[in-house]
Amino acid sequence: RNRVRVTQGFGPIDSCEFQLLSKDPSLVFFGRLDKEKQALRFVNCIPQISEKLRQGGMRDFTYVISGRGADEHLIAAAVRSLQEKGERVAFTESQRPADILSTGAVYFSLQRHSNYPSRSLAEAMMSGCYPVLTEVGTSPKMVTGLDWSGWVPRDFDADELADSILGYQTLCEQRGDTI
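All values reported here derive from a predicted model rather than from experimental measurement.

Some words on the packing of aromatic side chains
Each aromatic ring pair is summarised here by two numbers: the centre-to-centre distance and the angle between the ring planes.
Step number 1: Summed over all chains, the structure comprises five aromatic pairs.
Step number 2: On the numbers, 6.4 Å between centres and 65 degrees between planes, the contact of Phe42 with Tyr63 is edge-to-face. Here the residue Phe42 occupies a position in helix 1 (residues 39-55), and Tyr63 occupies one in strand 2 (residues 62-66), the gap between them amounting to 21 residues.
Step number 3: Taking relative accessible area as the criterion, Phe42 reaches 0% and is therefore assigned buried.
Step number 4: A relative accessible area of 0% means that Tyr63 is categorised as buried.
Step number 5: Centre to centre, the rings of Tyr130 and Tyr168 are 5.5 Å apart; their planes meet at 55 degrees, and the pair counts as tilted. Residue Tyr130 is found in strand 5 (residues 130-134), and its partner Tyr168 is found in helix 5 (residues 158-174); the two are separated by 38 residues along the sequence. Neither residue differs from the other here; Tyr130 and Tyr168 are each classed as buried.

As structure tokens, then:
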């Protein structure tokens, strides 16, 4: 009791089986903006990720960073700097995950330690996002048996993140989808 929260605002979803959906290539970090979630580390990797994605043939992708937390002001400043350099990055705070996740193609769950059970990860998967997770704690239990997920080590770098995103691109191509 008082440990389960229902998020309002989701539309029709297949809650019996996760189904990857073809979407615009929106790369989403949605969650607490603090050291444990590694949001700032992720944002700092964006220029190198973008370069590798372009080399891999991905175009027209957008990063969406959404949340609140201790690193919020540092992330906002980093996003402004990236935007000034031409990166397509949006920084927002939303109380309605569906507003962000319904358009997201790839969702990042990059905690340093366990985050199980992750409400945002469950919502992202139910929205048809391809999850990219750190290989830590009990979080992998949420995607056990799932063919559609990317993994990075806890102390990830930009190349490892980009490779996971390119895994999504490969999966889409195998299914006959284009991004």
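Having seen it, we continue.
Points about the packing of helix 1 against helix 2 (residues 72-84)
Step number 1: Between helix 1 and helix 2, whose axes approach to 10 Å, the crossing angle comes to 10 degrees. Judged by the angle between their axes, helix 1 and helix 2 are roughly parallel. Residues Ala39, Leu40, Val43, Asn44, Ile46 and Pro47 of helix 1 lie in contact with helix 2, whose contacting residues are Leu74, Ile75, Ala78, Val79 and Leu82.
Step number 2: Taken together, the residues of the contact of helix 1 with helix 2 sort by class into 10 nonpolar, one polar and no charged.

Quick notes on the rules
- Residues numbered from 1 in each chain as written.
- Predicted model: local features only at pLDDT ≥ 70, side-chain atom pairs only at ≥ 80, totals over all residues.
- Heavy atoms only, no water.
- Phe/Tyr/Trp six-rings, centres within 6.5 Å; stacked < 30°, edge-to-face > 60°.
- Helix = DSSP H or I, 4+ residues; strand = E, 2+ residues; numbered from the N terminus.
- Buried < 20%, exposed > 50% of the residue type's maximum accessible area, 1.4 Å probe, protein only.
- Axes fitted to C-alpha atoms, helices over the stretch in contact; angles between N-to-C directions.
- Parallel < 35°, antiparallel > 145°, perpendicular 65-115°, else oblique.
- Contact = heavy atoms within 4.5 Å.
- Nonpolar A, V, L, I, M, F, W, Y, C, P; charged D, E, K, R; others polar.

That is the geometry; function is a separate question.
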